[in-house]
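Remarks on the overall topology
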Amino acid sequence: MSVKDHYPMAWFPYGLARPFLFSLDPETAHERAVELLARGGGTPLQWAWCNGRVDDPVRLAGLTFPNRVGLAAGLDKNARAIDGLGAMGFGFVEVGTVTPLAQPGNPKPRMFRLPAAQALINRMGFNNDGLQAFVANVKRSRFHGAHDGARQRMILGLNIGKNAATPIERATDDYLACLAGVYPYADYVAVNISSPNTKNLRDLQGDAALHALLAALKSRQAELADQHGKQVPLFLKIAPDLDQPQVQAIADALRQHAIEGVIAANTTLSREAVAGLPHAQEAGGLSGAPVREASNRVIGQLRAALGPGFPIIGVGGILSGADAVAKIEAGADAVQIYTGLIYKGPALAGEAARALRARRVLPARGA
């Protein structure tokens, strides 16, 4: 099976850019990268980072994903760089997390590199420009809703959350407001209840709170489907810091409320894998290689609890094609990357997609 390159390959090696980016404060580097992607997307400048997209379609939650590798939420919180990110060869891109009102997030510094562990710690706190600005940016993107002949367009996920100032008892109001705002423009909506950086947010993963939230979201989804004439699936994003009974309870809730998919998993609060490293004790969520095994464990437990056919997107610790394959073997249907993009660069999307396609088309070992 051949790979169809819908963009020329990047002419500027990430290895040349990384030393400069890593010489900057992590959040400054992040902001400059997003600014470049936002300004350069859809222009000749994107040839510096664009990569051919591997064709390996998969059908999930009623959507056809061009390939199984996506960008996780968090890199482009305000949906400013959808076009630039789409040129990296992803089958799907998820942007956000967006909250109803703009908020600055937590005080700086709030992002830290741990290069020895290929990891990041962040306590950003859902910093974003708010729902109105977010939707305006999505509407301006060229990738949203675009078709190119027989080519399957990139899938766009929009990730929603709650404002820090909203009491946890009123969290559902924020999620419903965001769902209504993004619904007309999303291919799927990711419901983020798993960030460790918004006070009490992970409490929504508890049994009673989760059932109440999911019931309200499904009711509003049905209303919006009638209003807009289309069904937009919901994906619940959960944390890796869950034991098996907690995972089982979440799986039961997903089934009971007919949620269309799950994303596992967000950042971890554990520091066991990075103990003793500089910045290891900074507050916030740890991502990258150290979260890989915890994410795979949760994915495996979800698959066992949900059975075959329930869409699972695996995220956490993918820094190579082999890591992506391990996510699929754990039980995921598709994968997302974020921290791996920081350490490995845009070529990681293609490497992971080629590895997953090869796994699908080649005979299993020993066959």
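Our subject is the structure that appears above.
Let us look at the structure shown here. From a predicted model like this one, the values you see are computed outputs, not experimental measurements.

This part takes up the layout of surface pockets. Empty space within the largest pocket amounts to approximately 740 Å³. The set of elements that each furnish at least two residues to the lining of the largest pocket consists of α1 (14–23), α2 (26–40), β5 (111–114) and α10 (339–344). For the lining of the largest pocket, the leading source of residues is α2, giving eight residues. Its residues assigned to classes, the lining of the largest pocket shows 28 nonpolar, two polar and three charged.

Let us now look at the pattern of salt bridges. Tallied over the entire structure, the rule returns 15 salt bridges. Across the pair Arg-153 and Asp-187 runs a salt bridge whose closest N-O atoms are separated by 2.5 Å. Of this pair, Arg-153 sits in the loop between α4 (131–140) and β7 (155–160) while Asp-187 sits in the loop between α5 (171–182) and β8 (188–192), and the two are 34 residues apart along the sequence. Each member of the pair, Arg-153 as well as Asp-187, is classed as buried. The salt bridge involving Asp-323 is made with Arg-292; its shortest N-O contact spans 3.3 Å. Here Asp-323 is found in helix α9 (residues 321–330), whereas its partner Arg-292 is found in helix α8 (residues 292–306), with 31 residues between them in sequence. You'll find Asp-323 and Arg-292 in the same group, each marked buried. Here the salt bridges do not stand alone but share partners, grouping Glu-27, Glu-31, Lys-108 and Arg-110 into one network.

Thresholds applied
- Residues numbered from 1 in each chain as written.
- Predicted model: local features only at pLDDT ≥ 70, side-chain atom pairs only at ≥ 80, totals over all residues.
- Heavy atoms only, no water.
- 1 Å grid on protein atoms, 1.4 Å probe; cavity = no way out; pocket = protein on both sides within 12 Å on 5 of 7 lines; lining within 4 Å.
- Points joined across faces, edges and corners; volume = space filled by probe spheres on them.
- Helix = DSSP H or I, 4+ residues; strand = E, 2+ residues; numbered from the N terminus.
- Nonpolar A, V, L, I, M, F, W, Y, C, P; charged D, E, K, R; others polar.
- Salt bridge = Lys/Arg side-chain N within 4 Å of Asp/Glu carboxyl O.
- Buried < 20%, exposed > 50% of the residue type's maximum accessible area, 1.4 Å probe, protein only.

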